[in-house]
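# Reading the structure
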Amino acid sequence: MTDQAPPQEIIDTPPAIERRAERSPQIDKLAAALNKAQAKLDDARKTSTANAGSFKYDYADLTEIWRVARPVLAANGLAVVQTFDKGETSTCLVTTLTHVSGQFIESRLPLMLVKDYHALGSAITYSRRYSLAAIVGIAPQGEDDDGAAAMQSAAPVVGRRKSYPRKGPRAVAPAAE
């Protein structure tokens, strides 16, 4: 069996997604509080409907995610803050789960490039909703189509691999004399 190069349709993950989540040196108090909070969290209700051209789907909007999360987080000394930061390739939404002890966990999600401020507002709200639900551990009620609806309109990725700058020192061959 010979070694083969990876298929051309594989696309590298941007560095902003590859990064490990930032966190405080210790997270034991945060983890214990999050464990208690998650035991009390309800699923988020799908109270909104989107019309995506040929199909409609229900989803839990940002207000619903916060409705479920906020009282349980507060009762356990937890809070979530969402801010923005300039990433390596795009602006990132930074979602930070904090504990009254000062311990924290942070995640970064690059925002999609959009054509106008209205689309940017939608992208921010979408990102805030998914980041909040992920860092707290909230799932929407009902069926999960495992991305089937999103994949209906997705075209297969074909072409060259996209490469991104690597972090950290890179080995450099000594100059020839």
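As the structure is a computational prediction, the values presented were derived from the model and not from experiment.

Looking now at the packing of aromatic side chains. Enumeration over the complete set of coordinates arrives at three aromatic pairs. Aromatic pair Phe-55 and Tyr-57: ring centres 6.1 Å apart, planes at 35°, arrangement tilted. We classify Phe-55 as partly exposed; its relative accessible area is 22%. A ring pair is formed by Tyr-126 and Tyr-130, whose centres lie 4.7 Å apart and whose planes are at 45°; its orientation type is tilted. Taken as a pair, Tyr-126 and Tyr-130 lie in helix α4 (residues 117-136) at a separation of four residues, close to a single helical turn. In this structure an aromatic cluster arises from ring pairing among Phe-55, Tyr-57 and Tyr-59.

Right, let's talk about the nonpolar core for a bit. Counting 22 residues, the largest nonpolar core has Leu-78, Val-80, Leu-97, Val-136 and Ile-138 as the members making the most contacts within it. For this core, the elements supplying multiple residues, two or more each, are α2 (28-40), α3 (62-75), β4 (78-86) and α4. At seven residues, α3 tops the list of elements feeding residues into this core.

Turning next to the pattern of salt bridges. All chains considered together, the criterion is met by four salt bridges. Here Arg-45 ties to Glu-64 by a salt bridge, and the two come within 3.8 Å at their closest N and O atoms. With Arg-45 in the loop between α2 and β2 (48-52) and Glu-64 in helix α3, this residue pair connects regions lying 19 residues apart in the sequence. We classify Arg-45 as partly exposed; its relative accessible area is 40%. With its nearest N and O atoms 2.7 Å apart, the salt bridge here joins Glu-64 to Arg-67. One end of the pair is Glu-64 and the other is Arg-67, both in helix α3 and three residues apart, which spans about a single turn. A single salt-bridge network, built from bridges that share partners, covers Arg-45, Glu-64 and Arg-67.

Paired through backbone hydrogen bonds, the strands of a sheet run either parallel or antiparallel to each other. An order of β1-β6-β5-β4 is seen for the four strands of this open sheet, with the pairing classed as antiparallel. The open sheet is flanked by β1 (22-23) and β4, the only strands paired with a single partner. The pairing of strand β5 (residues 91-99) with strand β6 (residues 104-110) spans seven bridges and is antiparallel. Each residue of the ladder has a partner; that of Thr-95, found in β6, is Ser-107.

Mean pLDDT over the protein: 78, with 69% of residues reaching 70 or higher. Under a pLDDT of 50 for its full length, residues 155-174 has, in the predicted model, 22 contacts with residues more than four places off or in other chains.

Moving on: the environment of Arg-70. Within the fold, Arg-70 resides in helix α3. Since its relative accessible area comes to 48%, Arg-70 is described here as partly exposed. C-alpha separation for the pair Arg-70 and Val-80, spaced ten residues apart in sequence, amounts to 8.6 Å.

Conventions used here
Residue positions are given per chain, counted from 1 along the sequence in the order it is written. For a predicted model such as this one, the threshold for reporting local features is a pLDDT of at least 70, and the threshold for listing and counting side-chain atom pairs is 80 or more; totals across whole chains, interfaces and linings nevertheless cover every residue. With hydrogens and water stripped out, all remaining heavy atoms of the structure feed into the side-chain values. Stacked, tilted and edge-to-face pairs are distinguished by plane angle, under 30 degrees for stacked and over 60 for edge-to-face with tilted covering the rest, among Phe, Tyr and Trp rings (Trp via its six-membered ring) whose centres lie within 6.5 Å. Whether a residue is buried, partly exposed or exposed follows from its accessible area with a 1.4 Å probe, protein chains only, as a fraction of its type maximum: under 20%, in between, or over 50%, in that order. Numbered from the N terminus, helices here are DSSP runs of H or I no shorter than four residues, and strands are runs of E no shorter than two. Among buried residues, the Ala, Val, Leu, Ile, Met, Phe, Trp, Tyr and Cys ones that are joined through side-chain atoms within 4.5 Å form a nonpolar core. Salt bridge, as used here: a side-chain nitrogen of Lys or Arg that lies within 4 Å of a carboxyl oxygen of Asp or Glu. DSSP-based pairing: two strands are paired if at least 2 bridges between them are found. pLDDT measures the predictor's confidence residue by residue and takes values from 0 up to 100. Contacts are assigned to residue pairs that have any heavy atoms within 4.5 Å of one another.

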